[in-house]
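Inside the fold
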Amino acid sequence: MPTQNAHIAHIFNKLADLLEIEGANPFRVRAYRNAARKVANLGRSVSDMVIAGEDLTALTGIGKDLADKIREIVETGRLSQLEETEAKTPGELSRLMRIATLGPKRVKTLYQELGITSREALKDAAEKGKVQELEGFGKKSEQVILEELRRANRQDDARIKLFEAEQAATNLTTFLKKAKAIKAITVAGSFRRKKDTVGDLDILVTSKRGSGAMKHFLAYDDIHKVLSQGKTRSTVALRSGLQVDLRVVPEVSYGAALHYFTGSKSHTVAIRKLGVKQGYKINEYGVFKGDKRIAGRTEKEVYAKVGLPYIEPELRENQGELQAARKGRLPELVALKDLRGDLHSHTIATDGQSSLEEMAQAAKRRGYEYLAITEHSKKVAMARGLNVERLAGQIEAIDRLNEELEGIILLKGIEVDILEDGSLDLPNDILKRLDLRVCSVHYNHRLSRKKQTARIIRAMDNPYFNILAHPTGRLINERKPYAVDLEKVMTAAIERGCFLEINANPDRLDLADRYCRMAKEMGLKLAVSTDAHSPANLDFIRFGVDQARRGWLEADDVINTRGLSELKAMMKR
Ligand code: DGT
Ligand code: CA
Ligand code: CA
Ligand code: ZN
């Protein structure tokens, strides 16, 4: 079974953490982190590349040493260097670094001064007031650590990003399709509802002979451990730690089982209650009147029996969708095909991997009408952000290129930094020459909620502010959102004719679903954009559309469903 890109990225990130604690050369540490990001965002299977004998060093940032390491991971599933480094590093030191306020330096201090190697030991020491006495710590930081520990414990570490779940699901379903005994296959559960994180995979199959299907599943070679097995239901843990439930169901029950196992639990319980009112029993085997099964082959049949139209999986959270369905007011959810362009992307001018032309051609292949190039501004020095002169140069380059391009138009844009005082990182003289401006917070995440909110709204006062990018700055499982009053920000955006972005990068998915819904209810329109750093990244758009759908958004609620002239008009405030 091919090693997943996410697995390789995970190994490199872990190695980088440990090396950092060890005090290794920062350049080396960064090389591993860059490689992790590169692999995770590649959009094709590195494993396949290795098997096909492709030259990995052709990828930017991957030298011979990293290529050898990738090959080792693909071939053995492990990296000996990581194991050696782990053996030298005590306990859970690398996990401690996931506490947002603890960098490698402070983790090292905690270890050397107090012998702390686990979250429990850290909690204990902090509660006894020992941490505040250490150099580089204080009363305040001790409190913050305790808060973070409580949060980290609440946050279920085991949930994985939708993108990683998708890779695992694709590999597994490809394998399952090979079995003659298996007919239909659907990955149900939170994965089918497109939640931004997934606890485990719930796979349903129909089969001619139950045992044949199950036997095939249990022979999957990415299985680390079989946790339980039976004729119609088994649970396994994959090598990545992800658990998978497989259920074999008869065709007459497929729709009912799909409905039950897609959940959410609270949605299906509500449907079942509706059934009871009408004298039906609804479970994973079907809809029953007495002992007689009267429906269950399709989900549509199940809904029809309780007098409702089909409800899309993304809406099944028992958040008003039953009422909307009853009144015939379900949203007509935005779909991938509705999008006419992407409004956030980077090229080699800053931290992207491809040229203007390559990005344009990739957007054209997707059938887009337009792609906005929005490089970082100078404040983001790490990404070689553009200053006035370089941006002016890019404006001219795009104008020239647009004359040659057919069937696609590049929009001149910028991802301009919102500075701490709410001013923008580039002067209006140059901003006004652009088609649109995406504005981002990249620094000073730790401002108070009040200050952060005021900062962003002040930035929106600038007449060239169009779209607030990744509005909460979260990185799923890595960095929590900064404190900000989104309701105020959204109100301010509506008043000023600005928009917010749903950043479709699978590490971000920012705005999260509930905020998409909030925007919809407030009447604020959103952009769904990939923040692509390569042509392959343009594919991430589907993850943004998923979250938009979970937020009940329709095509009209998304600005990049508009044709070019209408879009350009929306960018003029
Ligand atoms: P997850 O895995 O935490 O991301 O979320 P789900 O929604 O995939 O939850 P999971 O895997 O525990 O169960 C899959 C579906 O099976 C769930 O959405 C609804 C259904 N289900 C599971 N346990 C129960 C239960 O005790 N009662 C009912 N009515 N349905 C259940
Ligand atoms: Ca699940
Ligand atoms: Ca499950
Ligand atoms: Zn960006």
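Residues numbered from 1 in each chain as written. Chains lettered and ligands numbered in written order. Predicted model: local features only at pLDDT ≥ 70, side-chain atom pairs only at ≥ 80, totals over all residues. Heavy atoms only, no water.

1. Some details on the coordination of the calcium ion (ligand 2)
The protein atoms that coordinate the calcium ion (ligand 2) are Asp200 (O), Asp200 (OD) and Asp202 (OD), at distances of 2.2 to 2.6 Å. Taken together, the six donor atoms surrounding the calcium ion (ligand 2) define angles of 69 to 164 degrees at the centre, an arrangement classified as irregular. (Donors = N, O, S within 2.8 Å, 3.2 Å for Na, K, Ca; no water. Tetrahedral: all angles 85-135°; square planar, octahedral: opposite > 155°, others 65-115°.)

2. Side note on the sheet that holds strand β13 (residues 409-417)
Pairing in this open sheet of seven strands is parallel, and the strands run β11-β12-β13-β14-β15-β16-β17 from one edge to the other. Looking at the sheet topology across the chains shown, the edges are occupied by β11 (341-342) and β17 (526-529). Judged from the two bridges that link them, β11 and strand β12 (residues 370-376) form a sheet pairing that is parallel. From the neighbouring strand, Asp342 faces β12, where its bridge partner is Leu371. Against the sheet, helix α17 (residues 356-365) contacts β12 and β13, and its axis sits at roughly 145 degrees relative to β12. (Pairing = 2+ DSSP bridges. Helix = DSSP H or I, 4+ residues; strand = E, 2+ residues; numbered from the N terminus. Contact = heavy atoms within 4.5 Å. Axes fitted to C-alpha atoms, helices over the stretch in contact; angles between N-to-C directions.)

3. Here we look at the nonpolar core
Counting 58 residues, the largest nonpolar core has Leu410, Met460, Leu500 and Leu526 as its most contacted members. With residues up to four places along the chain from it excluded, the contact list for Met460 reads Phe465, Leu468, Val489, Ala492, Ala493, Arg496, Cys498, Leu500 and Arg573. Judged by nonpolar contacts, the second largest core, of 32 residues, contains Ile182, Val187, Ile223 and Val236. (Core = buried A, V, L, I, M, F, W, Y, C linked by side-chain atoms within 4.5 Å. Buried < 20%, exposed > 50% of the residue type's maximum accessible area, 1.4 Å probe, protein only.)

4. What about the domain arrangement of the protein chain?
In terms of domains, the protein chain is made up of domain 1 (5-154), domain 2 (160-248), domain 3 (253-326) and domain 4 (336-570). Centre-to-centre, using C-alpha coordinates, domain 2 lies 36 Å away from domain 4. Counting residues at the interface gives ten residues for domain 2, matched by 13 residues for domain 4. Buried surface at the junction of domain 2 and domain 4, summed over both partners, amounts to about 1000 Å²; 53% is from carbon and sulfur atoms. Contact with domain 4 buries area across many residues of domain 2, yet Lys161, Phe163 and Asp196 alone supply 54% of it, more than any other trio. A salt bridge links Lys161 to Asp507; its shortest N-O distance comes to 2.8 Å. Summed over the shared surface of domain 2 and domain 4, the number is six residue pairs in polar contact (both at pLDDT 80 or more). Mapped by element, the contributors of at least two residues to the side of domain 2 that touches domain 4 are β1 (160-161) and α10 (162-177). The leading source of residues in the side of domain 2 that touches domain 4 is α10, at three residues. The class makeup of the residues in the side of domain 2 that touches domain 4 is three nonpolar, one polar and six charged. (Domains from an automatic or database assignment. Buried area = accessible area lost by both parts, 1.4 Å probe. Salt bridge = Lys/Arg side-chain N within 4 Å of Asp/Glu carboxyl O. Polar contact = N/O pair within 3.5 Å; in protein donor to acceptor, adjacent residues only side chain to side chain. Nonpolar A, V, L, I, M, F, W, Y, C, P; charged D, E, K, R; others polar.)

5. Thoughts on the site of ligand 1
In the region of ligand 1, 16 residues are neighbours, and Arg159, Ser190, Arg193, Gly199 and Asp200 sit closest. Here a nitrogen atom of ligand 1 sits 3.4 Å away from a polar atom, N or O, in the side chain of Tyr260. When ligand 1 is considered free in solution it has 590 Å² of accessible area, and contact with the protein chains removes 71% of it. For the shell around ligand 1, the per-class residue count stands at three nonpolar, seven polar and six charged. Here the shell around ligand 1 spans two domains, since at least three of its residues come from each of domain 2 (160-248) and domain 3 (253-326). (Near = heavy atom within 4 Å. Areas by Shrake-Rupley, 256 points an atom, 1.4 Å probe, with all protein chains shown as cover.)

6. Looking at the sheet that holds strand β7 (residues 243-248)
Taken in spatial order, the five strands of this open sheet run β2-β4-β7-β6-β5, and their pairing is mixed. Here the strands that pair on one side only, and so sit at the sheet edges, are β2 (182-187) and β5 (223-228). With direction set aside, neighbouring strand axes in the sheet form an average angle of 25 degrees. Helix-sheet contacts for helix α13 (residues 254-262) involve β2, β4 (201-207) and β7, and the interaxial angle to β4 is about 175 degrees.

7. Quick notes on the packing of aromatic side chains
Taken as a whole and judged by the stated rule, the model has seven aromatic pairs. Ring geometry for Phe163 versus Phe540: centroids 5.5 Å apart, planes at 80 degrees, classification edge-to-face. Of this pair, Phe163 sits in helix α10 while Phe540 is found in the loop between β17 and α23 (541-550), placing the two residues 377 residues apart along the sequence. When its relative accessible area of 11% is taken as the criterion, Phe163 is described as buried. Ring geometry for Phe175 and Tyr220: centres 4.9 Å apart, planes at 45 degrees, overall tilted. In this pair, Phe175 is assigned in helix α10 and Tyr220 in the loop between α12 (210-218) and β5, connecting sequence segments 45 residues apart. Residue Phe175 is classed as buried on the basis of its relative accessible area, which comes to 15%. (Phe/Tyr/Trp six-rings, centres within 6.5 Å; stacked < 30°, edge-to-face > 60°.)

8. A look at the side chain of Arg562
Tracing the backbone shows Arg562 in the loop between α23 and α24 (564-570). Within the local environment of Arg562, its side chain forms a polar contact with the side chain of Thr561, the two groups lying 3.2 Å apart. For Arg562, the side chain forms a polar contact with the side chain of Glu566, separated by 3.0 Å.

9. Comments concerning the coordination of the calcium ion (ligand 3)
Protein-derived ligands of the calcium ion (ligand 3) are Asp200 (OD), Asp200 (OD), Asp202 (OD) and Asp245 (OD), with the metal-ligand distances lying across 2.2 to 2.7 Å. Mapping the donors of the calcium ion (ligand 3) onto the primary sequence yields the spacing D-x1-D-x42-D. For the pair the calcium ion (ligand 3) and the calcium ion (ligand 2), the metal-to-metal distance amounts to 3.8 Å, and Asp200 bridges them. You can see Asp202 sitting in strand β4 and its partner Asp245 sitting in strand β7, a full 43 residues away along the chain. On the basis of relative accessibility, which here comes to 11%, the residue Asp202 falls in the buried class.

10. A short note on the pattern of salt bridges
Scanning the model with the defined rule gives 42 salt bridges in all. In this structure, the salt-bridge partner of Asp245 is Arg247, at a minimum N-O distance of 3.9 Å. For the pair formed by Asp245 and Arg247, the shared burial category is buried. One salt bridge in this structure joins Asp485 and Arg449, with 3.8 Å as the shortest N-O distance. Of this pair, Asp485 sits in the loop between β15 (467-468) and α21 (486-496) while Arg449 sits in helix α20 (residues 449-461), and the two are 36 residues apart along the sequence. Assessed through its relative accessible area of 17%, Asp485 is described here as buried. With a relative accessible area of 47%, Arg449 lands in the partly exposed category. One salt-bridge network, held together by shared partners, links Arg193, Glu317, Asp513 and Arg550.

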